[in-house]
Every structure is written in C-alpha cells, then in structure tokens.
Amino acid sequence: MTEDVEISDGAEDGGERASVSFPFDRMTVQRFRETFPRARWSDRRKAWIVPGKTARRRIDRWMAKEEPRADPYAEAKGRDAFAFEPILSPYLGVENGGLRITTPYSRKLVEEIRQVPFARWDGHHKVWRVPFSSYDDLVDHWQAIEMEAQRCEPDERRKRAAARKGTEEEKTTRRRAAERKRRRIPLPAHDLPPSDRPIATTPYGIIVVADITGELVEHDEIADLYPGIAHDHIWGIWRTPSLDELVQTWPSRTEPGDDERQRGWWLPTLEELRVARRAARARERRATHQAPA
C-alpha cells in the first residue's frame, strides 16, 4: 500500500484526503470498501482515494489489521531475496524489520514509489517504509527510483542550473517568467473566450480573462513564448480564479479537441478543475496562515 495526504477537490470533507494502493485481491477490496464506502478508484494514480481529515489515521488502522492477513510466506521470501541479492544503494536501508527509502523529494519519485505494494510514507521520520514482502516489486522499480533520486540531489540541481547559465534555454526561461508576471495572453480576435469565467489554457493552466485590451499581438516578438500562433490575435489580461469560482464552474463533458488546443483556450474538464481546486485550497490555506493575528 502507499499512503499520502493531499488537498482534495471535495469541499464537504474539509479539503483533505489520503490515497492507498495494494495488490488486487477480491476479498481485500471488499473489506476495504466496507471500511471506506466513500473511497473511489483513481486510474491516474493507480490508487484508492479516501476523503476526510482523518483519512490518514483510519487508513493506518486498517493497514495494521490487514497486514496479518498477508501471505505468511511472502515476508520470508522477500527477506531471502534481499539477503541473496540485495539492492546496494545509499537511498535504501533496513530498519524495524523492513526496508527504508530516503531520497530527495520529487513528484516523479513519489509516483514511482507509490507503485510498490504496501509502501508507506512515514511522516514522522520523513522516510518511505516497504515490507520485505514487496521486495520483488521494489526491485522492478528501483532503477527508476534511484535515477530520479540522483537527479534531484542538490549538487546535481546546481550543476544543471550552472550548465543552463547564459544559454538560450535560460534566456527563454527568464522571458517566460517575465511574461507570466505581465499577466497577459494572446487570444484569437475572431474567437474570444467568455469573460469572468474560468477557462483552460496551455501556458497558464486555468485562468479568468479579466479584460481584453484590443491591442494587436506582434507575432515576431513572442513566437518563442507562444509557438503556433497564426492569424490575428489580441492581448487579454488574465487573473487566477478564486476557489469559489472554480467550485461553481460547470465542467466540460468532453476533452478539448485539436482545434480548441490550437485556438489556445477551452472549457476545462472535471479533472482539470480538480487540479485547480486543490491548488486554490492550498493558496487559501497559506494566505490564512500568513495573515497577521
């Protein structure tokens, strides 16, 4: 199983949820659904999503009850496999009768470790814990885990930043950052989006177009920042939508087509709105914590 806490797209559960995954077994799934009737399966995460502020504690309790039901021979087989052919890596150790993974953070790393059955994040010690019973699965994923961990080491990050210094890539990155601060976006003059309604865009995600300036876009000046722009475009001024706006936005039932993506904007899907709502909740929480007492 893998378990983590994150922001949810459901307002009714206080904005928190936890995810858990485990090898498929009909009886295990049945017991899980009986314990967590509001859980739903996420194909993207390959995990069950459990809403609620107490989801993490409830999952931990359920996991403790389920572990004795696991294959009694799997733990011994995993120990033997590790003893016979151990993974030798500074990121992997043995502790408390299981395996311990300690790596720098990256979203890709988390997604990869989540694929290992019964892997669990230990928030107190800031490590991932994997039972010996999952050793064979860990071996299958270890190359990707270790390569990503090495890539995320501070020294490696600094080397990549130094290598980019003075290059066209760095100049383009700086231009994109400066452009984002201007809060403007080129829009097709013949097909403008609705105003004051969240829309999805390629460069800025879900935004609200607050104003149309009417100023024509000079294609040559921004071709590297907005590739593929053709015909007449005018500048729009955008802002980040509020959580209330995102919650009240009705999602599109269809995925955007090639024409809509080439146009530069489309009505957001439910999955896109979920991502934006999670980010909006996180922003609101940060703002609340930073506000003076």
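Notes on the overall build of the protein chain
The number of helices and strands found in the protein chain is eleven helices and 13 strands. Across the 293 residues of the protein chain, 40% fall into the buried class. Element-wise, carbon and sulfur atoms account for 51% of the exposed surface of the protein chain, whose accessible area totals about 17,800 Å². One way to put it: in the protein chain the 53 positive side-chain charges average out to a point 5 Å from where the 51 negative ones average out.

Section: the environment of Phe 36
Tracing the chain through its elements places Phe 36 in the loop between helix 1 (26-35) and strand 3 (40-42). The class for Phe 36 is buried, based on a relative accessible area of 2%. Residues Phe 36 and Trp 48 lie twelve residues apart in sequence; the distance between their C-alpha atoms is 9.8 Å.

Observations regarding the sheet that holds strand 11 (residues 205-216)
If you trace the five strands from one edge of the open sheet to the other, you get 9-12-11-10-13, paired in antiparallel fashion. Two strands in the sheet have a free side with no partner beyond their single neighbour: strand 9 (184-188) and strand 13 (265-266).

Points about the pairing of strand 11
As paired elements, strand 10 (residues 199-201) and strand 11 share three bridges and run antiparallel to each other. Each bridged residue has a counterpart across the sheet, and for Ile 199 the counterpart in strand 11 is Ile 207. With antiparallel pairing between neighbouring strands as the criterion, strand 10 and strand 11 make up a hairpin whose turn holds three residues. One ladder, built from five bridges, connects strand 11 with strand 12 (residues 233-239); its direction is antiparallel.

Some points on the packing of helix 4 (residues 107-114) against helix 5 (residues 135-151)
At their nearest, the axes of helix 4 and helix 5 sit 9 Å apart, and the two run at 165 degrees to each other. By the angle class used here, helix 4 and helix 5 are roughly antiparallel. As for the relative orientation of helix 4 and helix 5, their crossing is left-handed in sense. Here Lys 108, Leu 109, Glu 112 and Ile 113 of helix 4 lie close against helix 5, whose contacting residues are His 141, Ala 144, Ile 145, Glu 148 and Ala 149. Of the residues contributing to the contact of helix 4 with helix 5, the split by class is five nonpolar, one polar and three charged.

Side note on a negative patch on the surface
Together, Glu 215, Glu 218, Asp 220 and Glu 221 make up a negatively charged patch on the protein surface. With respect to the helices and strands, the residue Glu 218 is situated in the loop between strand 11 and helix 8 (219-222). A residue is classified by how much of its surface remains accessible, and Glu 218, at 48% relative accessible area, is partly exposed.

So, helix 1
It helps to recall that an α-helix has 3.6 residues per turn; residues three or four apart then point in one direction. Those residues of helix 1 lying buried are Thr 28, Val 29, Arg 31 and Phe 32. Along the axis of helix 1, the buried residues cluster in a sector spanning 160 degrees; they form a single face. Opposite the buried face of helix 1, by more than 90 degrees, sit the exposed residues Arg 26 and Glu 34.

Quick notes on unusual backbone geometry
Phi at Arg 183 takes a positive value of approximately 55 degrees, unusual for a residue other than glycine. With respect to the helices, strands and loops of the structure, Arg 183 is situated in the loop between helix 7 (168-182) and strand 9.

Considerations on the nonpolar core
Membership of the largest hydrophobic core comes to 19 residues, with the highest contact counts inside it found for Leu 92, Leu 99, Ile 101, Leu 138 and Trp 142. Counting only elements with at least two residues in this core, the list comes to strand 6 (98-101), helix 4, strand 8 (127-130) and helix 5. When residues in this core are grouped by element, the largest group, five residues, is from helix 5.

About the criteria used
Residues numbered from 1 in each chain as written. Predicted model: local features only at pLDDT ≥ 70, side-chain atom pairs only at ≥ 80, totals over all residues. Heavy atoms only, no water. Helix = DSSP H or I, 4+ residues; strand = E, 2+ residues; numbered from the N terminus. Buried < 20%, exposed > 50% of the residue type's maximum accessible area, 1.4 Å probe, protein only. Areas by Shrake-Rupley, 256 points an atom, 1.4 Å probe, with all protein chains shown as cover. Lys, Arg positive; Asp, Glu negative; His and termini not counted. Charge placed at Lys NZ, Arg CZ, Asp CG, Glu CD. Pairing = 2+ DSSP bridges. Axes fitted to C-alpha atoms, helices over the stretch in contact; angles between N-to-C directions. Parallel < 35°, antiparallel > 145°, perpendicular 65-115°, else oblique. Left-handed = near helix turned anticlockwise from the far one by under 90°. Contact = heavy atoms within 4.5 Å. Nonpolar A, V, L, I, M, F, W, Y, C, P; charged D, E, K, R; others polar. Patch = residues over 30% accessible without salt bridge, like charges linked within 9 Å, V, L, I, M, F, W, Y side chains within 5 Å. Salt bridge = Lys/Arg side-chain N within 4 Å of Asp/Glu carboxyl O. Arc of directions from axis to C-beta. Core = buried A, V, L, I, M, F, W, Y, C linked by side-chain atoms within 4.5 Å.

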